[in-house]
Amino acid sequence: MVFYYARKKLPPAVTQTNWPVNPLDNFILKKIEDKNLSPTEQADKETLIRRVTFDLTGLPPSLEEIDAFIADTSDSAYETVVDRLLASSAYGERLASEWLDVARYADTHGYATDPFRDVSPYRDWVIEKFNQNMPFDEFVTWQLAGDLLPNATAEQKLATAFNRMHTQNNEGGIVLEEFRVEYVKDRVQSLGTGLLGLTLHCAQCHDHKYDDIPTKDYYQTFAMFNNNDDSGQIPWDAKDMPVPTMLLPTKAQKSDVASINDRVTASEAKLAASIDTPKEGLNSWKNTVSANLLAKKSLIAHFPLTLDDSNETIANAVRKDKPDRVLFSSNINEKTGAEFVTKTDQQHQGILLNGEDALYFPHEDKFSRATPFTVAVNVKLPESIKSGVIFHNNKSSTLYAYKGFDVSVEDNYWLVRLAHTYPYNAIALRSKNPVTKKQWQHVALTYDGSSKAKGVTLYVDGKPVDMTVERDNLYKEISQEKKDHLGLVAGLKVGARWRDRGAANTLVDDIKLWSKELSQIEVLANAKQQHGETLSLAQVEDSDALSEYYNKVFNKAYQKQLAELTQVRVKQSTLVEPIKEMMIMQELKGERRPSYILERGLYSEHGEEVEPGVPEAVFPFDQSLPKNRIGLAKWLTDPKHPLMARVVSNRYWAMLMGNGIVRTPEDFGSQGKLPTHPDALDWLSREFIDSGWDVKHLIKTIAMTATYKQSSLASSELIAQDPENTLFASGPSNRLTAEMLRDNVLAASGLLVTKVGGKSVYPYQPEGLWKMNRATYVQSKGDDLYRRSLYTVWKRNAPPPSMHTFDTPTRTYTVGARQATSTPLQALTMMNDPQFVEAGRVLAERVMTQTPDSEQRLTRLYRLLTSQYPDQDELGVLKEMYTQFVDKYSAMPEDADAILEIGEKDPLPTLDKTIVAALSAVANLVINHDATVIKR
């Protein structure tokens, strides 16, 4: 396998010198003449405008457009049509439909539960960029590495969602690294299939059997994508977008958030300015003031944990009417569990945790990232504990991405988290020193409501623990809904977490919760109390601690300003929470994640460590380029790169011509088919690059060729010698795509809503298809029923059935070319699907309101669906069918009523039901007619 970059050869001399329109035609015609054949004559105008309109917009031409083209006898008539179509917004939608197969775009994550995600902003970005004619090298660069561009814009970051469109798993119990590796492999496959036209993924277990792609090169390419700051498991809550993410505020939201951020900054400045000291000085003041250092006024819950407590009741000393209990298996659906074990140890009456059943305090669930709080508990860690949760308010661990907060022991170190979606949208701190075991400790977590790591402090026995900040990126809420269908619940819990390591054999005693961030002195006082000691202010020598305590407890101006700041932060969180998020790429900070050759492709079998790289046999990597996704994009879009321009040019040639010059568009390797016209493909690829990667120029170049404009009605001699049209000696003839079939009938009927962009919609589909994922399909209403098929919701485990019948992919992986099948189910779909039947009825009403003449109605109906006038034989058949249906529905009016009742669109009450039903039936037959279904 040897690759060389595309060069333009001089167009070959041909005999029919008046036939070629541009050099592409010379390359095509030369092969035809070498076979002693002739190209097919140009298609008639009706056929040509239908063909090019579908190819460039995915929609049929209107009758007015057809008539105008037929009437225009100028030499530029066809080019005028092409330019108009390239300038239409429908052009971007058409090209997006092709690209979304490459991007494996879908509205759900896949795997067993296949939850929904709104990623429509990426789809709309693709449409917009095609309509803007963004240079294709930029289009690819932004999607591969937009986040790494200098001073990357929000739009450039959004484009990297291309790398995140793969399937993602939210199932409990999965190995995170296994699936994270699978996601990286998917990105490599998308690069290989979609942009290189190579089966790169065949080299993940061993050297490629046919192409010069060693496994090492595969994993060097893998390393390019292996530094994303993501996790192998996504949140169970479908409302939480898998991280890393970016916020996509509307203009109004952006303005509101900017305003509230300014208010927060101003309020923080006022709080700092309100810091004061007593007139007599802190050292004198501390000896004269009378103070309750235990912060009893803000204590909102206290669970002493006595011998009187049980599985059913754990007494609350503050709110005696709010007792709590044990949560068996940390799941509210579990009704039985282990015995409640109390133990007296030294001066403590503690509860011995089993690591499975949590002490559960459901009334203590008002935790927010904007409001301060403090939680404290006495613990005695056993020697056996290495990892386990001490207290938290999570529903689960990885299943819910640690949403909430937790204090845990992990690998013998303290770990504190406040998270919306861990690890990215979170605060995380880890102690620099190991935990102490086999002795009672007072462990307290304080939080100031700032959403910053500096506002989080972990104390042990009243002293701040020296922590390393691992994450400081919390920008959405830590609060969550009370309960889910799995039996997982919010609320403070101690000692266990669902399907996670609990603090087995740990003793706990005296749990307290305050509605404010305690000062260090207050934490110390509570710690000393638990050890049978007392603390007075006079004993405190730390001036910073005294100042903090004075301002928080005695400085009224400070307290007032702190309350105001909290209110503003709550408002800030309220404004940010509903802002849409989008999955993006974001490199890990610090050292790059190491990559290895994975033996037999197994995530856990690390072989040789590899550096980021590329398949060198394809095109050497310039060592001056950065070894990251930016370098990969520059390598890919290098004008001398031998594959990308060819692969993309071939794909667009196939989009218009029905087949590519390389008929295996996903495989340009040794097992793929050789190009039928290599010089033509090289000329087209180089023209693409030299034009500045101008996609519209590329497509217009193809559309303007005499090759493209040929009739698809080949001679018998040509069919005999070239049955698969490898010579391109006749025009293309293919069934309309799944999207075109539906959009055609919607356009013909006048139902089609041409709004561009927006969230996915839910048109008609059979009931119950989504039940396998515990999902409910809620059908759209009004205009959303009649949007272009591009906007139909795409569920991976149950793709849109009517379109999937016509060969749309599941979008679980990149597809460079759709398969083409012909099955009876396709005809049944078009005859019975409510969308087609309703469109046929509305089309019948449309032609009835336009003309009273039955023959004109039939002719117009036929033209709207096929873009052609019926010939006399066809018109005769239409009349005969129409007469038969009129007779049928006159005799059986209940059947006519049944047709009129199909679909959400109300029938026009002023029209004759019998005639409407008869014309509807005729329309349904024409919808299934070859002239409608096939694009020639």
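Predicted, not measured: the structure shown is a model, and the values here were computed from it. (Residues numbered from 1 in each chain as written. Predicted model: local features only at pLDDT ≥ 70, side-chain atom pairs only at ≥ 80, totals over all residues. Heavy atoms only, no water.)

To continue, consider the pattern of salt bridges. Taken as a whole and assessed by the stated rule, the structure comprises 57 salt bridges. For Asp679, the salt bridge identified is with Lys9, shortest N-O distance 3.3 Å. With Asp679 in helix H18 (residues 678–690) and Lys9 in the segment before helix H1 (23–34), this pair connects stretches of sequence that are 670 residues apart. Linking Arg686 and Asp690 is a salt bridge whose minimum nitrogen-to-oxygen distance equals 3.9 Å. Highlighted residues: Arg686 and Asp690, both in helix H18, separated by 4 residues, approximately one helical turn. Through salt bridges with shared partners, a single network forms among Glu93, Arg742, Asp743 and Arg788. (Salt bridge = Lys/Arg side-chain N within 4 Å of Asp/Glu carboxyl O. Helix = DSSP H or I, 4+ residues; strand = E, 2+ residues; numbered from the N terminus.)

A word on unusual backbone geometry. For the peptide bond that leads from Val243 to Pro244, omega is 0°, which places it in the cis range. Tracing the backbone shows Pro244 in the loop between helix H10 (215–224) and strand E1 (245–248). The phi angle at Asn36 is positive, at roughly 55°, despite the residue not being glycine. Phi at Leu305 is positive, roughly 60°, even though this residue is not glycine. With respect to the element layout, Leu305 can be found in the loop between strand E2 (299–303) and strand E3 (325–327).

What follows concerns the packing of aromatic side chains. This model, assessed by the stated rule, comprises 30 aromatic pairs. Considering the side-chain rings of Trp653 and Phe728, the 5.4 Å spacing of their centres and the 85° angle between planes classify their relative orientation as edge-to-face. Taken as a pair, Trp653 in helix H17 (residues 644–657) and Phe728 in the loop between helix H20 (716–721) and strand E21 (734–735) lie far apart in primary sequence, 75 residues in all. Here Trp653 and Phe728 have matching classes, each one buried. Seen from the ring of Trp770, Lys795 lies directly overhead, with NZ or CZ sitting 5.1 Å from the centre. (Phe/Tyr/Trp six-rings, centres within 6.5 Å; stacked < 30°, edge-to-face > 60°. Buried < 20%, exposed > 50% of the residue type's maximum accessible area, 1.4 Å probe, protein only. Lys NZ or Arg CZ within 6 Å of the ring centre and 35° of its normal.)

Compared with the 21 Å implied by 1.5 Å per residue over 15 residues, the 20 Å span of helix H28 (residues 913–927) between its first and last C-alpha is a close match. Taking burial as the measure, the 15 residues of H28 include 13 buried ones, the bulk of the element. (Expected span 1.5 Å × (residues − 1).)

So, about the sheet that holds strand E9 (residues 404–410). Here we have 8 strands laid out as an open sheet, ordered E3-E6-E16-E8-E9-E10-E11-E15, and antiparallel in their pairing. For this open sheet the edge positions go to E3 and strand E15 (467–472), each flanked by a neighbour on one side alone. For this sheet, the mean inter-axis angle between neighbouring strands, taken without regard to orientation, is 25°. (Pairing = 2+ DSSP bridges. Axes fitted to C-alpha atoms, helices over the stretch in contact; angles between N-to-C directions.)

To continue, consider the UniProt feature "domain: DUF1553" (unreviewed entry) in the chain. UniProt records the feature "domain: DUF1553" (unreviewed entry) for residues 628–881 in the present numbering. Helix and strand shares over residues 628–881 are 45% and 1% respectively, and the end C-alpha atoms of the span are 65 Å apart. (UniProt positions renumbered as here; feature names shortened; annotations may be inferred.)

The next thing to look at is the nonpolar core. Buried together is how nonpolar side chains tend to be arranged in soluble globular proteins. Core analysis: the biggest nonpolar cluster contains 175 residues, and Trp99, Tyr122, Phe136, Trp635, Tyr652 and Ile699 have the highest contact counts within it. Examining the composition of this core, we find that 10 residues originate from one element, H28, more than from any other. When near neighbours in sequence (up to four residues on either side) are disregarded, Trp99 contacts Tyr122, Val126, Phe130, Phe136, Phe139, Gln143, Phe162, Leu195 and Arg651. If you look at the next biggest cluster of nonpolar residues, it comprises 45 residues, including Phe328, Val377, Leu381 and Leu458. (Core = buried A, V, L, I, M, F, W, Y, C linked by side-chain atoms within 4.5 Å. Contact = heavy atoms within 4.5 Å.)

All right, on to the UniProt feature "domain: DUF1549" (unreviewed entry) in the chain then. Under the local residue numbering, the UniProt record ascribes the feature "domain: DUF1549" (unreviewed entry) to residues 23–228. Annotated as residues 23–228, this span is 57% helix and 0% strand, and its ends, taken at the C-alpha atoms, are 45 Å apart.

What follows is about the environment of Thr421. Relative to the helices and strands, Thr421 is located in strand E10 (residues 413–421). Residues Thr421 and Thr821, 400 residues apart in the sequence, show an inter-C-alpha distance of 43 Å. When near neighbours in sequence (up to four residues on either side) are disregarded, Thr421 contacts Pro235, Asp240, Met241, Val243 and Ala401.

This next bit is on the side chain of Gln168. Take Gln168: it is sitting in the loop between helix H8 (154–159) and helix H9 (176–196). For Gln168, a relative accessible area of 2% puts it in the buried group. Of the polar contacts made by the side chain of Gln168, one reaches the backbone oxygen of Arg164; its length is 3.3 Å. Once residues within four sequence positions are removed from consideration, Gln168 is found in contact with His109, Gly110, Tyr111, Arg117, Tyr183, Ile234, Pro242 and Met583. (Polar contact = N/O pair within 3.5 Å; in protein donor to acceptor, adjacent residues only side chain to side chain.)

Two elements in contact, helix H5 (residues 89–102) and H17, have axes separated by 12 Å at closest approach and are oriented at 125°. Considered as vectors, H5 and H17 are oriented oblique to each other. Crossing geometry of H5 relative to H17 is assigned as right-handed. Counting all contacts with H5, which are made through Arg94, Leu95, Glu98, Trp99 and Val102, the residues of H17 involved are Arg651, Tyr652 and Met655. (Parallel < 35°, antiparallel > 145°, perpendicular 65-115°, else oblique. Left-handed = near helix turned anticlockwise from the far one by under 90°.)

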